[in-house]
Amino acid sequence: MRFLLALITLLGQSSSVSGFAPINHHQITNTALSAHGGKLSVRPIGIGSAAPSTVITNTDLESVHDTTDEWIRTRTGIEERRVLIHEGTRQIISSDTGETTETPETLRALGIEAAKSALEMSGKSPSDIDLVICATSSPDDLFGDAPSIASAIGIEAGKCVAFDLTAACSGFLFGIVTASQFLTNGASQNALVLGADALTRWVDWDDRNSCILFGDGAGAMVLTRSDENEGLTGSEDAFGILGYAMHSNGGGYQDLNCIYKGNPKELSTPDGGTVVEDGSYDSMGMNGRKVYSFATREVPTVLEEALEQAGISVDDVDHLLLHQANIRIMETVAQRLGMPMEKVITNLYKYGNTSAASIPLALDEAVRSGRVKKGDVIACAGFGAGLSWGAAILKWG
């Protein structure tokens, strides 16, 4: 019942939504939707990540395509990427016994590893988690990976709700905002949000322009409701999300998509048979020029919207963390916001575009290296297929 009530009021506190009928004070304009809001009483307290063990460098791709390391680096900022390979394996060290075992290296396995790492940093145990959201467009299980990941990290059956969320490269950002609504509304106490994708399974490896861009990976964040922490309720330290804004426009879906492609299968039913389909998907399709134009136009604007919701300016931001798609996009967004590149968090060069995993992958490294410290303000933005884009202003810890 708590979750039903939370769903009914999901965006009812500190937020507004456009484009959700039939509520008459919300207006639909073409295919564009938006949601935005201010401070939420949650804190991000743990972060973790994992990436495949197989590395493909730009130099490696010179043997596959008519390209060069220099050509890829100067146009994208990418030097290498991690990929899940056919029948790949991963060595896992048991936290209980210290013994090493070899297990299949899958997207789910990466998500489990990232989740355990985030939990360890947060100081929370699996029994403390009552909400798990896995943001992914490429799950191992078409029906969703979140429930099996929750089980694998030790969350007891029936003690939490777990589900997948699909918003492509915006997925992790949409996921933490969604989880924060459940926490703020009182339906949950502690949430685990994952961003995990394996888009190298869906790229066209014969297309030089797209296959160079993507890598695989997983990241996870633990969020806790602030009133769980004695003395924080009502104070500025209680708010770990200071403001957010999210948008989508289905009119642009043709610029970046992965479309269902069924193969005919004839059944010998009476009256001439019936042709059904064996399901599959086509390779990812992308109009690079249009996606670049979309990102450099909309991302600075949505960050400004989130900053306005937070009641702060660009000068109050310690770090800028964007979806790791292309270094040129990051440079353009930073320039339009008036922020120096020294404030931009990026590890694009060694992972490529990992879709929903890119923001937590980069944040994990920044926190563990000491670059991001408790109390730092981080302006985050995700953007991608849908088309979808959004921003959230986080205060770490």
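This is a predicted model, so every value here is computed, not measured.

### Re the environment of Val299
- The topology assignment puts Val299 in helix α8 (residues 288-310).
- The sequence separation of Val299 and Cys380 amounts to 81 residues, and the corresponding C-alpha distance is 9.9 Å.
- Those residues in contact with Val299 that sit more than four places away from it in its chain are Phe294, Leu322, Val333, Ala381 and Phe383.

### As for the environment of Arg43
- Its location among the elements puts Arg43 in strand β3 (residues 42-50).
- Relative accessible area serves as the criterion here: at 11%, Arg43 is assigned to the buried category.
- Taking the C-alpha atoms as reference, Arg43 lies 8.9 Å from Ser180; in sequence the two are 137 residues apart.

### Looking at the sheet that holds strand β9 (residues 161-165)
- Here we have 5 strands laid out as an open sheet, ordered β3-β11-β10-β8-β9, and mixed in their pairing. Strands at the two margins of the open sheet, each flanked by one partner only, are β3 and β9. Ignoring which end each strand starts from, the neighbouring axes of this sheet average 15° apart.
- Pairing geometry for strand β10 (residues 190-198) and strand β11 (residues 216-225), over 9 bridges, is antiparallel. In the strand pairing of β11, Leu194 is matched with Ala220.
- Sheet contacts for helix α4 (residues 107-122): β3, β10 and β11; angle to β3, the most-contacted strand, approximately 135°.
- Strands β3 and β11 of the sheet are contacted by helix α11 (residues 358-368), whose axis makes an angle of about 100° with β3.

### Points about the packing of aromatic side chains
- Here the structure, examined in full by the defined rule, presents 4 aromatic pairs.
- Measuring from centroid to centroid gives 5.9 Å for Trp202 and Tyr281, while their planes differ by 80°, and the two rings are edge-to-face. Here Tyr281 lies in the loop between β15 (274-278) and β16 (285-286) and Trp202 lies in the loop between β10 and α7 (208-211), a separation of 79 residues in the sequence.
- The exposure class assigned to Trp202 is partly exposed, which follows from its relative accessible area of 29%.
- The exposure class of Tyr281 is partly exposed, given its relative accessible area of 37%.
- Relative to Tyr281, the ring of Tyr260 lies with its centre 5.8 Å away and its plane at 85°, an arrangement referred to as edge-to-face. Taken together, the positions of Tyr260 in the loop between β13 (256-257) and β14 (263-267) and Tyr281 in the loop between β15 and β16 put the pair 21 residues apart, joining distant regions of the chain.
- Take Tyr260: its relative accessible area is 41%, and that puts it in the partly exposed class.
- The ring centre of Trp71 lies 4.5 Å from the NZ or CZ of Arg208, which sits over that ring.

### What about the environment of Gly311?
- Note that Gly311 resides in the loop between α8 and β17 (319-322).
- Sequence-wise, Gly311 and Gly243 are 68 residues apart; in three dimensions their C-alpha atoms are separated by 8.0 Å.

### Examining the pattern of salt bridges
- All told, the structure shown has 7 salt bridges when counted by the stated rule.
- Residue Arg297 is joined to Glu298 by a salt bridge in which the shortest nitrogen-to-oxygen separation is 3.2 Å.
- Several salt bridges converge on common partners, so that one network encompasses Arg90, Glu105 and Glu113.

### Examining α11
- α11 sits mainly inside the fold: 9 of its 11 residues count as buried.
- All of the buried residues along α11 are Ser358, Ile359, Pro360, Leu361, Ala362, Leu363, Asp364, Ala366 and Val367.
- Downstream of α11 by one or two residues, Gly370 has phi in the positive range, about 90°.

### Structural notes on the confidence of the model for the protein chain
- Per-residue confidence for the protein chain averages 90 on the pLDDT scale, and 89% of its residues sit at or above 70.
- Below pLDDT 50 for its whole length, residues 1-14 participates in 31 contacts with residues either more than four positions away or in separate chains.
- Scored below 50 in pLDDT, residues 17-29 shows 14 contacts in the model against residues more than four places distant or in partner chains.

### Topic: the pairing of β17
- The two faces of β17 match: His319 and Leu321 on one face and Leu320 and Leu322 on the other face are all buried.
- When β17 meets strand β19 (residues 377-384), the two strands line up parallel, connected through 4 bridges. Residue Leu320 lies in a different strand from β19, and its bridge partner there is Ala379.
- Sheet analysis places β17 next to strand β18 (residues 344-345), joined by 2 bridges and oriented parallel. When the bridges of β18 are listed, Leu320 appears paired with Val344.
- Between the parallel elements β17 and β18, the chain passes through helix α9 (residues 327-337) in a crossover that is right-handed.

### Overview of unusual backbone geometry
- In the segment running from Gly386 into Leu387, the intervening peptide bond is cis, with an omega of -10°.
- Within the fold, Leu387 resides in the loop between β19 and β20 (388-395).
- Non-glycine residue Ala168 carries a positive phi angle of around 50°.
- Looking at where Ala168 falls in the secondary structure, it is placed in the loop between β9 and α6 (171-184).

### Focus: the packing of α8 against α9
- Orientation of α8 relative to α9, taken along the N-to-C sense of each, is 40°, at an axis distance of 9 Å. Judged by the inter-axis angle, α8 sits oblique to α9. Pair α8 / α9 crosses with right-handed handedness. Seen from α8, the contacting residues are Tyr292, Ala295, Thr296, Arg297, Val299, Pro300, Leu303 and Glu304; seen from α9, they are Arg328, Ile329, Thr332, Val333, Arg336 and Leu337.
- Per-class residue counts for the contact of α8 with α9 are 8 nonpolar, 2 polar and 4 charged.

Rules of the game
- Within every chain, residues take consecutive numbers counted from 1 along the sequence as written.
- At least 70 in pLDDT is required for a residue's local features to be given in this predicted model, at least 80 for side-chain atom pairs to be given and counted, and no such filter applies to totals for whole chains, interfaces and linings, which use all residues.
- Calculated side-chain values reflect all of the structure's heavy atoms, with hydrogen atoms and water omitted.
- For the purposes of this entry, the term helix denotes a DSSP run of H or I that reaches at least four residues, the term strand denotes a run of E that reaches at least two, and both are numbered from the N terminus.
- Whether two residues are in contact is decided by their heavy atoms: any pair within 4.5 Å suffices.
- Only protein chains enter the accessibility calculation, which uses a 1.4 Å probe; a residue whose area is less than 20% of its type maximum is buried, one above 50% is exposed, and one in between is partly exposed.
- Paired strands, as defined in this entry, are two strands with at least two bridges between them according to DSSP.
- For helices, the axis comes from a line fit to the C-alpha atoms of the stretch in contact; other axes are also lines fit to C-alpha atoms, and the angle between any two N-to-C directions lies between 0 and 180 degrees.
- Aromatic rings from Phe, Tyr and Trp, taking only the six-membered ring of Trp, are treated as a pair when their centres fall within 6.5 Å; an angle between ring planes under 30 degrees marks them as stacked, one over 60 as edge-to-face, and anything in between as tilted.
- We call a charge positioned above a ring when the Lys NZ or Arg CZ atom is no farther than 6 Å from the ring centre and deviates by at most 35 degrees from the ring normal.
- A side-chain nitrogen of Lys or Arg and a carboxyl oxygen of Asp or Glu constitute a salt bridge if their distance falls within 4 Å.
- Each residue carries a pLDDT value, the predictor's own confidence for that position, ranging from 0 to 100.
- When the strands point away from the viewer, a crossover counts as right-handed if the path from the first strand over the helix to the second runs clockwise.
- Here roughly perpendicular refers to angles of 65 to 115 degrees, roughly parallel to angles under 35, roughly antiparallel to angles over 145, and oblique to all remaining angles.
- Crossings are sorted by hand: turned counterclockwise from the far helix by less than a right angle, the near helix makes the crossing left-handed, and turned clockwise it makes it right-handed.
- Residue polarity follows a fixed list, in which Ala, Val, Leu, Ile, Met, Phe, Trp, Tyr, Cys and Pro are nonpolar, Asp, Glu, Lys and Arg are charged, and the others, Gly among them, are polar.

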